[in-house]
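# Report on the structure
Below are the chains, spelled out letter by letter.
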Amino acid sequence: MVGAPDVIKPSEKVESYSPHVNGNPIFTISDEIGSPDSGYTMASINSNGDLKSPGDPPDKKLNDTDAEKQPLSGKKEERWWNTLMQVAVPFFIAGCGTIGAGLVLGSVRNWEVFLKVNAIFVLVPSLSGLKGNLDMCLASRLSTQANLGNMTSPREVISMVVGNISLVQVQAIVAATVVAMFAVTVNTITDRAFNGSFVLLLIASAVFTATTTCFVLDFVMVMVIFGSQKFKVNPDNVATPLAASIGDIVSNSVLAVTAQYMFEQIQISLWQPIALLCVYYSLLPIWVFIVWRNKYTKTVLTTGWTPVISALFISGVGGIVLDQAVDQFQGYEVFQPIVNGIGGNLVCVQSSRLATHLHQTAIPGELPENTRIIEWPWKTLFYGTTAAKVARMLLILALCGQIVFMFVADFIFQGVVTIQVAFGITYVLCSVVQVMVLLYLAYILIHFMWKKKKDPDNAAIPYLTSLGDLLGSVFLGLAFVILSIFGMEYGNNV
């Protein structure tokens, strides 16, 4: 067996085995290896998976230049221009989607349901974040499996796809119900009034929006990942941005139309939202059964809830900011989805790449050599770690992309270009700072989760995208507040 460990003592347990990667088998070994009493640590395993003798000299420590040259791929290093092109194309497509999402929100804010049910604004970032979290987690999981070479057998691929789509449906139904109840609670506290029919409207609209958009976009993701494999493109660079390319605009559109329809119907009778919820809650046990019987998703069904639910409440706080800001600042609802969407897209690219790198080069609970959980910010963002090269590209994309998206959104929304220098500088600054914070947090969070034996593909992205929603909403709100103090509000020259 090529590359197989040739020294495994009887007392050491091999918990699981997965197919070969580059001719080398991957073992997940229990805590006896790497424990203080065993004499073996992660440094005892070389790049071929062979256990070295504890008496062998340690590997040479890499300096910052050599560390950055280590590829974030288990195969060969990607050329920087290949990575840039693979990320840039779906990034700008995704940017068009976020512009559309902002314009949709700007056009529907005066609909009757948005005027009379303020909690809808709390739902907007939460549902967009939920859809993004579930779809991007699915894209990240499947991208990792593709890079590990586990998507070659048609039978296994079908099992993997069916299990993951069913899992997303379970998470969407439960999480949408939770976020709708959160919106109802916030609305009750702020308005000091409770309307039972509005509760049905919010829950029905949230569940329908989350399940429908996720179901459609999940199939799109599967096709994107298969297409990436066929054309020899790294799915980590493509899948997660495309997961959000049309997701936000579809999510906002479906939510607005569904909520308006349900609002009109509850004036007559409550049977339609009640019937809709009965159908979805009846399907829930079927989805759970499928997921429970699937080996690829059974574990996630019982362990993957904390990140998703926590992310909902984090995004919900961003929704409260949106609810308060949309009445005070003209144009806030147009630019907020762009800032949040672009930040979330870029950090998910980095998150997916880092997770794949850890899956290919380390065992859960142990970090690769010369890797620390907490690094200095400039080493993770600019120079000194394996993640820095891609981080630089993503920051450049954020800077250039936000300038383009800002002018395009302004022109479509106003009919003419109204961007002033002060607004442009403030907007771009808050956007780039948001991406920098997210990329740095992604590096820390993913390595921390790996050290704690948690799969970053399932746990990291919900936290990062929800933090992106919160930071984007807050930073953009601060930008509008600062501009208003100096009398330079957006659109005041129209």
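No experiment lies behind these values; they were computed from the predicted model shown. (Residues numbered from 1 in each chain as written. Predicted model: local features only at pLDDT ≥ 70, side-chain atom pairs only at ≥ 80, totals over all residues. Heavy atoms only, no water.)

## Regarding the nonpolar core
Looking at soluble globular proteins, one finds that nonpolar side chains tend to be buried together. So the rule is basically this: Only buried residues count toward a nonpolar core. Its members are Ala, Val, Leu, Ile, Met, Phe, Trp, Tyr and Cys residues joined through side-chain atoms within 4.5 Å. We call a residue buried when its accessible area falls under 20% of the maximum for its residue type, exposed when it is over 50%, and partly exposed in between, using a 1.4 Å probe and counting protein chains only. Numbering goes from the N terminus for both helices and strands, where a helix is a DSSP run of H or I of at least four residues and a strand is a run of E of at least two. Contact between two residues is taken to exist if any of their heavy atoms lie within 4.5 Å; hydrogens are not considered.
Ranked by internal contacts, the top residues of the largest apolar core, which has 125 residues, are Ile120, Leu123, Leu130, Leu201, Phe335, Phe423 and Tyr427. The element that contributes the greatest number of residues to this core is helix α5 (residues 154-191), accounting for 17 residues. Sequence-distant contacts of Leu130, defined by excluding residues within four places in its chain, comprise Ala172, Ala175, Ala176, Ala210, Val308 and Leu312.

## Looking at a nonpolar patch on the surface
Inclusion rule: Residues forming no salt bridge and having over 30% relative accessible area are the ones grouped into patches, like charges within 9 Å of each other and nonpolar side chains (Val, Leu, Ile, Met, Phe, Trp, Tyr) within 5 Å. Values of accessible area rely on a 1.4 Å probe in the Shrake-Rupley scheme; residue burial ignores everything except the protein chains shown. By convention in these notes, a salt bridge is any Lys or Arg side-chain nitrogen within 4 Å of a carboxyl oxygen on Asp or Glu.
On the surface, Phe92, Leu399, Ile403, Val404, Phe407, Val408, Phe411, Ile412 and Val417 cluster together into a nonpolar patch covering about 730 Å² of accessible area. You can see Val404 is positioned in helix α14 (residues 388-414).

## Some points on the side chain of Gln434
With respect to the element layout, Gln434 can be found in helix α15 (residues 421-451). In this structure Gln434 comes out as buried when scored by relative accessible area, which is 0%. Apart from residues lying up to four places away in sequence, Gln434 is in contact with Val339, Asn340, Gly343, Gly468, Leu471, Gly472 and Phe475.

## Notes on the packing of aromatic side chains
Heads up, the rule is: By convention, a stacked pair of Phe, Tyr or Trp rings (six-membered ring in the case of Trp) has centres within 6.5 Å and planes under 30 degrees apart, an edge-to-face pair has planes over 60 apart, and any other such pair is tilted. A positively charged side chain is recorded as over a ring if its NZ (Lys) or CZ (Arg) lies within 6 Å of the ring centre. The angle to the ring normal must also be within 35 degrees.
Within the structure shown, the criterion is met by 13 aromatic pairs. Centroid distance Trp376 to Trp378: 5.3 Å. Interplanar angle 5 degrees. Geometry classified as stacked. Under the relative-accessibility criterion, Trp378 is labelled partly exposed at 48%. Three or more aromatic residues link up through ring pairs in this structure, and these residues are Phe329, Tyr332, Phe335, Phe423, Tyr427, Phe480 and Tyr490. Its guanidinium or amino end placed over the ring of Trp292, Lys298 lies 4.5 Å from that ring's centre, counting from NZ or CZ.

## A word on the UniProt feature "transmembrane region" (unreviewed entry) in the protein
This is how the line gets drawn: UniProt positions are given in the numbering used here, feature names are shortened, and annotations may be inferred rather than shown by experiment.
Within this structure's numbering, the places UniProt gives as "transmembrane region" (unreviewed entry) are residues 87-106, 157-186, 198-226, 270-292, 304-322, 393-413, 419-446 and 467-488. Between the end C-alpha atoms of residues 393-413 the distance is 29 Å, and the span holds 100% helix and 0% strand.

## Quick look at the pattern of salt bridges
Proximity of charged atoms lets side chains of opposite charge pair with each other. All chains considered together, the criterion is met by 3 salt bridges. Ionic pairing is found between Arg109 and Glu333, a salt bridge with its closest N-O pair at 3.1 Å. With Arg109 in the loop between α2 (80-108) and α3 (112-116) and Glu333 in helix α12 (residues 332-361), the pair connects residues that are 224 residues apart, well separated along the chain. Overall, the relative accessible area of 1% leaves Glu333 in the buried class. Between Glu112 and Lys116 there is a salt bridge, with its nearest N and O atoms 3.1 Å apart. Here Glu112 pairs with Lys116, and both are found in helix α3, just 4 residues apart, close to one helical turn.

## Some remarks on unusual backbone geometry
Of note in the backbone geometry, Lys453 takes a positive phi value of approximately 65 degrees without being a glycine. When you line up the elements, Lys453 lands in the loop between α15 and α16 (456-485). A relative accessible area of 45% places Lys453 in the partly exposed class.

## Observations regarding the side chain of Thr380
Mapped onto the elements, Thr380 comes out in helix α13 (residues 377-381). Judged by its relative accessible area of 2%, Thr380 falls in the buried class. Among residues more than four places away in sequence, those in contact with Thr380 are Glu375, Thr385, Ala387, Ala388, Ala391, Tyr440 and Tyr443.

## Here's the deal with the packing of helix α11 (residues 305-325) against α12
Relative placement of two packed helices is described by the angle separating their axes and the distance separating the axes. Our working definition: For helices, the axis comes from a line fit to the C-alpha atoms of the stretch in contact; other axes are also lines fit to C-alpha atoms, and the angle between any two N-to-C directions lies between 0 and 180 degrees. Roughly parallel means an angle under 35 degrees; roughly antiparallel, over 145; roughly perpendicular, 65 to 115; everything else is oblique. Rotating anticlockwise by less than a right angle from the far helix to the near helix defines a left-handed crossing, while the corresponding clockwise rotation defines a right-handed one. Just so you know the grouping, Ala, Val, Leu, Ile, Met, Phe, Trp, Tyr, Cys and Pro go in nonpolar, Asp, Glu, Lys and Arg go in charged, and all remaining residues, Gly too, go in polar.
Contact geometry of α11 with α12 gives a least axis separation of 10 Å together with a crossing angle of 160 degrees. Comparing the axis directions of α11 and α12 gives the class roughly antiparallel. Once α11 is placed against α12, the crossing between them reads as right-handed. Residue-level contacts link Val321, Leu322 and Ala325 of α11 to Tyr332, Glu333 and Gln336 of α12. Looking at the contact of α11 with α12, its residues break down into 4 nonpolar, 1 polar and 1 charged.

## Some words on α5
Threshold: Under the convention used throughout, the expected extent of a helix is 1.5 Å for every residue step, that is, one less than its residue count.
Taking 1.5 Å as the rise per residue, α5 with 38 residues should run 56 Å; its terminal C-alpha atoms sit 54 Å apart, in good agreement. Immediately beyond the C-terminal end of α5, within one or two residues, lies Arg192, with a positive phi of roughly 55 degrees.

## With respect to the environment of Gly247
The residue Gly247 is located in helix α8 (residues 247-266) in this model. A relative accessible area of 0% means that Gly247 is categorised as buried. Separated by 149 residues in sequence, Gly247 and Thr98 have C-alpha atoms that sit 8.5 Å apart. Setting aside its immediate chain neighbours within four residues, Gly247 contacts Lys131 and Leu217.

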